[in-house]
Amino acid sequence: MVRSAVKVAVRSRPTASFAHSELVVKPEAKSIDVNVKKNPTMGVVNNMRENYTFKFDAIMHNSSQDTVYNECVSEIVQNVVTGYNGSVLVYGQTGAGKTYTMSGGQGNYKTRGCIPRAIQEIFTEVQKKPQQAFLVRLSYLEIYNETLFDLLAPGGVTPEMAEELLIIDDPKGGVHVKGLTVATANSEEEAMNLFFEGETNRAIAEHQLNASSSRSHCILTVHVESRSRVESADRVLSSKLNLVDLAGSERVSKTHSTGAILREAMYINKSLSFLEQCVNALTDRGRDHVPFRQSKLTHCLKDALGGNSKTTMIANIWGEAAQLDETISTLSFAQRMMKVKTDASLNIKQEPAIMIKKYEMEIRELKQELAMHDALSGRNRVQYHEYNEEQRHEVRQKVLKYIENEEENPLEILNVRHVTEVYKTFRAIAVDFKNNAAVVRPGTQGAQGEGGEEGALRS
C-alpha cells in the first residue's frame, strides 16, 4: 500500500487581459500571489484580506496541452498499467478551460486533451508488454442535475435509465455503478470512438461566460486487466483510471442564467459544495465520518478522495480581474485538496475458474506421485479415492473381527483415508449397538441366548 497526498497543479487560462497586478504567478517557485485592493465603499472599518500566497505541486502558466499531460497525467497512467488505480480531476469556475484540458480542442491533433492522450499511452504501453495479455474496457458516466446517465448506453441516453443506474459500495471499500455500460476496446481507435460517442451525448449550454458550458459532471473510466502469458494466469491485475471533468462553479450574478440553465447551476454549485465538505472532513483529523453519500458526485469519487487511488487534481483559473473572487476560491480549495491522503494498493485478484483447474491438476499430480511411492514400497492395496460400498463392507468385517478378538493382530492402518473409514465404521457399530440395546425390555435378555451381544454387534 502506497500512502501519498493528492497532487495538485494549477493551470491558468490564456487571456490578453491577465491581471498582472493582482495575480503574480511564479512557476519556478510553484506559487501564486494574489493582491486584492480594498473596496472603499465598504467603509473605514474594513477587515477584508488583501494578500494571499498559494503553493502547489506545479504551476502551468500559458502551458501547452503536451506539458499539462506530461506533468499531471502520464505518471498516473503508468501506474494504472502496472495495477494501481488512478484518478485525474479538473476543477475550477465555468469558462476556466476544464473541458479543454480534459477533452481538448476540436479539429487539431496538437490540442487534444488528457483523455485522448491517456488512451493513446495506455495502448502504447500494452504493445510494449507482449508477455502479458491485456483487456481494456471503457465506461462513461454523466451526473446531470443529481441524476446518473450512461453516455455509452446502446439505446442512447434516455430519462428512464436513471432508475437503472445505482451506486454500489463494494466489500473492499470502493464503489461501482450497477447497470453502467462497460464496453471493450481492442485498439486505440475503438477506445477513441467510444469516447467520441460519449462526448456527443453530454449536456452543454450557453451563457455569458461560456458559449459551450458543460452542464454536468462526467467521469470516463478506463478499466485495465492484465495477466501473464508466461507464468500462472490465475493472478490478474485489475485497475482503473478515472478521468473526471467537473462542471464549473457559477455565480448567477455574472452568468445571468435563467430557467433550465439556472436550475442546472443550482445543482452544480450544490454538488461542488458537498465535494468541498468531503475534502474538509478528510483533512480534519477529528472527523471520523466523511459525508460521501450527500451527493452522487462525492459518492462516485469516494476512491479518488482518500481511497484506493493515486490522485491528481488540475485547478483551472481565469486570470482576469473580473474573475478574481472565483480565482481565490479555486486556489483555496486546491490548497486544501493537497492535504488529502490516499492509500493506493496493487489490485490483484484471483480467477476462481482458473484456480479450480490449477488445484485439480495439483491433486491429480499428487495422487500419481503417491501411487508411484506406494508401488515402490509394495503397498499396492492403498486407496486414496472415496471408498465404495464393497470396500466399506470389507472394512466393517475386519473391525467386527477386531472387536470380537478373532483377529490377534491390531488393525492394519494404510493411510489417512483408511483411518477415516475405520472411525466411521466404529461409530456406525456403536450406534447400532446402542439402538438395539434400547429396544430390549427388562427380563428378556435371556431370550437372546448366548449370542445376544454378538448378534447385536454383527447386525
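See the structure above.
Small disclaimer: the values here were computed from a predicted structure and weren't measured.

*Asks:* How should I be thinking about helix α5 (residues 188-200) in this particular structure?
*Replies:* Since the α-helix packs 3.6 residues into each turn, any two residues three or four apart lie on the same face. Given a rise of 1.5 Å per residue, 13 residues ought to cover 18 Å, and the 19 Å separating the end C-alpha atoms of α5 matches this to within 8%. Where α5 is buried, its residues contact α4 (114-127), β8 (132-144), β12 (183-184) and β15 (217-228).

*Asks:* How do you make sense of empty space enclosed by the protein when you look at a structure like this?
*Replies:* The rolling of a water-molecule-sized probe over the atoms marks out the regions of remaining empty space. Enumeration over the complete set of coordinates arrives at 1 cavity of 30 Å³ or more. Counted as a void, the largest cavity has a volume near 60 Å³. Together, Ile143, Tyr144, Asn145, Glu146, Arg215, Ser216, His217, Glu264, Tyr267, Ile268 and Ser271 line the largest cavity. Secondary structure elements with two or more residues in the lining of the largest cavity: β8 and α7 (259-283). Take the lining of the largest cavity: its biggest share by element is 4 residues, from α7. Grouping the constituent residues of the lining of the largest cavity by class yields 4 nonpolar, 4 polar and 3 charged.

*Asks:* It is not clear to me how the packing of helix α1 (residues 65-72) against α4 should be interpreted in this structure. Could you clarify?
*Replies:* A pair of packed helices is captured by two measures, namely the crossing angle of their axes and the spacing between those axes. Where α1 meets α4, the axes come as close as 10 Å, and the angle between the chain directions of the two elements is 60°. With respect to α4, the element α1 is oriented oblique. As α1 packs across α4, the resulting crossing turns out to be right-handed. Contacts between α1 and α4 involve Gln65, Asp66, Val68 and Tyr69 from the first element and Cys114, Arg117, Ala118 and Glu121 from the second. Taken together, the residues that form the contact of α1 with α4 break down as 4 nonpolar, 1 polar and 3 charged.

*Asks:* Which parts of the structure should I look at to understand the sheet that holds strand β5 (residues 51-55)?
*Replies:* Pairing between the strands of a sheet is mediated by backbone hydrogen bonds and can be parallel or antiparallel. Taking strand neighbours across the sheet as the criterion, the 3 strands line up as β3-β4-β5 in an open arrangement whose pairing is antiparallel. A strand with exactly one partner marks an edge of an open sheet, and here the two such strands are β3 (23-26) and β5. Neighbouring strand axes in the sheet, compared pairwise and without regard to direction, differ in orientation by 10° on average. Where strand β4 (residues 31-35) meets β5, 5 bridges bridge the pair, whose relative direction is antiparallel. From the neighbouring strand, Asn35 faces β5, where its bridge partner is Asn51. Across the sheet, helix α9 (residues 324-337) touches β3, β4 and β5, and the angle it forms with β5 is around 40°.

What counts, and where the lines are drawn
Residues numbered from 1 in each chain as written. Predicted model: local features only at pLDDT ≥ 70, side-chain atom pairs only at ≥ 80, totals over all residues. Heavy atoms only, no water. Helix = DSSP H or I, 4+ residues; strand = E, 2+ residues; numbered from the N terminus. Expected span 1.5 Å × (residues − 1). Contact = heavy atoms within 4.5 Å. 1 Å grid on protein atoms, 1.4 Å probe; cavity = no way out; pocket = protein on both sides within 12 Å on 5 of 7 lines; lining within 4 Å. Points joined across faces, edges and corners; volume = space filled by probe spheres on them. Nonpolar A, V, L, I, M, F, W, Y, C, P; charged D, E, K, R; others polar. Axes fitted to C-alpha atoms, helices over the stretch in contact; angles between N-to-C directions. Parallel < 35°, antiparallel > 145°, perpendicular 65-115°, else oblique. Left-handed = near helix turned anticlockwise from the far one by under 90°. Pairing = 2+ DSSP bridges.

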